[in-house]
Amino acid sequence: MAARDIAVVCTIPDGGLTELLKLVEASKTVRLVTLSTEPEGIGIATGCWLAGKRAMIAMQSSGVGNCINALGLPAAYRAPCLMLVTMRGQWGEFNPWQVPMGQAVRPALEAVGVKCFAVDKAEEIGETFAAAADIAFMSRVSAAVLISQRVIGAKEFGRK
Amino acid sequence: MTPTPHKSSNRIKRRPLVAELLAGRGSALVVPGLGSATWDCFAAGDAPEYLYSWGGMGLAVPTALGVALAQPERRVLAVTGDGEMLMGIGSLAVVADQAPVNLAILVLDNESFGETGRQRGLTDNRVDIAAVAQGFGLRQTRTISQADAVAELADFLFKAPGPVLAVAKIAISQDPWRLPEKDGATIAHRFRGALGLEPT
C-alpha cells in the first residue's frame, strides 16, 4: 500500500483483514475510514482520487453485493477504484448464508466492469495487489483483489 | 412533528436558494448529488469546481467526504436531496467519525422524490434529517424554512467549523431543465484541472 501511495483505506472489517487494519490504524501516513456500509467507500475513494489522493476499500465478499450500483460512479468518472476483498462462501465455507454472495462476487464484479485478480497462495498477495493497484490507478479502471479462504483459512467458529 | 403545509407557495424555492448560496461560495468545491441538486448547481452558473453527478444515488456525501479528506485546505459543500440523503444516511456517521472541519452538507428537503414524479418521501411526516444527524454525532446542524435565513445559512455552510449540516425545507417545484455535461470523464478532468492536478 505504501509503495502505491495509498493515503486512505476505507473499510467494513473482516476477520481476514484484522492484521492489515491494525497496520493501517497504526500508520501515520495512511488514514483509516470506518464505514457504515461498503458503497460509501466507493464514493469516498472516488472523491479522494478526483481531488488528488489515492484511496481503496477493504471488505469481506458479502460487502461486494452492496457496492454494485455504486461502482457506476468511478466507472462514469473514469476514476480508479481499488478493492481488497477477503472471500467467504467458497473454500471450506461452513456458513450457508455466505455461499450465495461469495459465489457471485466475481461474476457480479465483472458484470459492472471490475477487473478481478484472485489470490490462492499467500506468497502471491504482494505482487497481485501491486498489479491490481497499477492497473486501477494507471489505467483508471476498477480492480479487485479477491483473497481466497484458502489463504486466510476457512472460519472454524471453534469447530475442529 | 405535525405535518406542515409545505406544499404552499411560501416555502423556499430551490433554484434561487442554491444560486444565492453558491454566489457566496468563494473557493469552495461543490459536490452536488444526482438529479435536481446537480441541475440546481448548473442552473446557478457553471463552474469547474462543481463535481456534477448523474448517478450513484446515496453517494453525494461520501464523494464529498473523499474530496474533503484529499483537499483539507479547501471548503467542500455537498448538495443533496432528502431522498438521496436517506439512501446514504449512514454516511453521516462516517462524516461525524472522521470530523473533517472543511466539510458542509446541504440537504434540499422537498419531502418528495421530485425527480421521479414527486412521490411522497419519508421526510413528509416524522423523519427529521437534522435530528438524525445530531444522533450520529454531527453537532452543528440547522434547519431553515424561510428564505430570509439564506444569508445566515451561507455563513454557516461556508465559514462555520465543520462538519456542518443544514436542511432547507423547500417547495416542490417544476423548474426548467438545466442539464450540465453528462460525460463523467469530462467532468472529472475539468474538476481535477481546477485543482491543478496533473493528468494521470
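Residues numbered from 1 in each chain as written. Chains lettered and ligands numbered in written order. Predicted model: local features only at pLDDT ≥ 70, side-chain atom pairs only at ≥ 80, totals over all residues.

### Some points on the overall build of chain A
Here's step 1: Of the regular secondary structure elements, chain A holds seven helices and six strands.
Here's step 2: The order of helices and strands in chain A, counted from the N terminus, is β-α-β-α-β-α-α-β-α-β-α-β-α.
Here's step 3: Against the 2.2 N^0.38 benchmark of 15 Å for 160 residues, chain A shows a C-alpha radius of gyration of 15 Å, consistent with a compact globule.
Here's step 4: Taking the principal axes of the C-alpha coordinates as reference, chain A spans close to 50 × 35 × 30 Å. (Helix = DSSP H or I, 4+ residues; strand = E, 2+ residues; numbered from the N terminus. Rg over C-alpha atoms; globule rule 2.2 N^0.38 Å.)

### Details of the nonpolar core
Here's step 1: Core analysis: the biggest nonpolar cluster contains 104 residues, and Ala 45, Met 56 and Val 85 of chain A together with Ala 64, Val 67 and Leu 106 of chain B have the highest contact counts within it.
Here's step 2: If we skip the residues at most four places from it in the chain, Ala 64 of chain B touches Gly 47 of chain A together with Val 31, Val 76, Ala 78 and Leu 103 of chain B. (Core = buried A, V, L, I, M, F, W, Y, C linked by C-beta atoms within 7 Å. Buried ≥ 20, exposed ≤ 12 C-beta atoms within 10 Å, placed from the backbone. Contact = placed C-beta atoms within 7 Å.)

### Here we look at the pairing of strand β3 (residues 103–109) of chain B
Residues and elements named next belong to chain B.
Here's step 1: In terms of burial, β3 is largely enclosed, as seven of its seven residues are buried.
Here's step 2: Neither face of β3 is left uncovered, since the one carrying Leu 103, Ile 105, Val 107 and Asp 109 and the one carrying Ala 104, Leu 106 and Leu 108 both have all their residues buried.
Here's step 3: In the sheet, strand β2 (residues 76–81) pairs with β3 via six bridges, with the strands oriented parallel. Following the sheet pairing, Leu 77 is matched in β3 by Ala 104.
Here's step 4: Relative to strand β7 (residues 164–169), β3 runs parallel, the two sharing six bridges. Bridge pairing in β7 places Ala 104 opposite Val 164. (Pairing = 2+ DSSP bridges.)

### Quick look at the interface of chain A and chain B
Here's step 1: The interface is formed by 31 residues belonging to chain A together with 30 residues belonging to chain B.
Here's step 2: Of all the secondary structure elements, the ones that give two or more residues to the side of chain A that touches chain B are β2 (31–34), α2 (39–50) and α4 (72–77) of chain A.
Here's step 3: The greatest single-element share of the side of chain A that touches chain B, amounting to ten residues, is contributed by α2 of chain A.
Here's step 4: Residue composition of the side of chain A that touches chain B, by class: 17 nonpolar, nine polar and five charged. (Nonpolar A, V, L, I, M, F, W, Y, C, P; charged D, E, K, R; others polar.)

### Here's the deal with the sheet that holds β2 of chain B
Through backbone hydrogen bonds, the strands of a sheet pair up, either in parallel or in antiparallel fashion.
Residue and element names in this part refer to chain B.
Here's step 1: Read from one edge of the open sheet, five strands run β1-β2-β3-β7-β6, paired in parallel fashion. The outermost strands of the open sheet, each flanked by one partner alone, are β1 (29–32) and β6 (140–144). Taken over all neighbouring pairs, the strand axes of this sheet differ in orientation by 15° on average, direction set aside.
Here's step 2: Strand direction decides the pairing type here: β1 and β2, joined by four bridges, are parallel. Residue pairing for β2: Val 30 is matched across the bridge by Leu 77. (Axes fitted to C-alpha atoms, helices over the stretch in contact; angles between N-to-C directions.)

### Considering the pairing of β6 of chain B
Residues and elements named next belong to chain B.
Here's step 1: Sheet analysis places β6 next to β7, joined by five bridges and oriented parallel. Pairing of Ile 144 across the sheet is with Ala 168, part of β7.
Here's step 2: After leaving β6, the chain enters helix α7 (residues 150–159) and then returns to the sheet as β7, a path that is right-handed. (Right-handed = clockwise from strand over helix to strand, strands pointing away.)

### Section: the confidence of the model for chain B
Here's step 1: Taken as a whole, chain B shows an average pLDDT of 94; of its residues, 95% reach a score of 70 or greater.
Here's step 2: Note on the complex model: pTM 0.95, ipTM 0.95. (pLDDT = per-residue confidence, 0-100.)

### With respect to the packing of helix α1 (residues 14–23) of chain B against α7 of chain B
Residues and elements named next belong to chain B.
Here's step 1: Between α1 and α7, whose axes approach to 9 Å, the crossing angle comes to 50°. Here α1 lies oblique to α7, going by the angle between them. Judged by the sense of rotation from one axis to the other, the crossing of α1 with α7 is right-handed. Here Leu 17, Glu 20 and Leu 21 of α1 come into contact with α7, specifically with Val 150, Leu 153, Ala 154 and Leu 157.
Here's step 2: Split into classes, the residues belonging to the contact of α1 with α7 amount to six nonpolar, no polar and one charged. (Parallel < 35°, antiparallel > 145°, perpendicular 65-115°, else oblique. Left-handed = near helix turned anticlockwise from the far one by under 90°.)

### A look at the sheet that holds strand β3 (residues 54–60) of chain A
All names here are of chain A.
Here's step 1: Spatial strand order, β2-β1-β3-β4-β6-β5: six strands in an open sheet with parallel pairing. Two strands in the sheet have a free side with no partner beyond their single neighbour: β2 and β5 (115–119). Recorded for the sheet is a direction-independent mean angle of 20° between the axes of neighbouring strands.
Here's step 2: Bridge count between β5 and strand β6 (residues 142–147): five bridges; the pairing is parallel. If you follow Ala 118 over to β6, its bridge partner there is Leu 146.
Here's step 3: Along the sheet face, helix α1 (residues 18–26) touches β1 (6–11), β2 and β3 and points at about 120° away from the line of β2.

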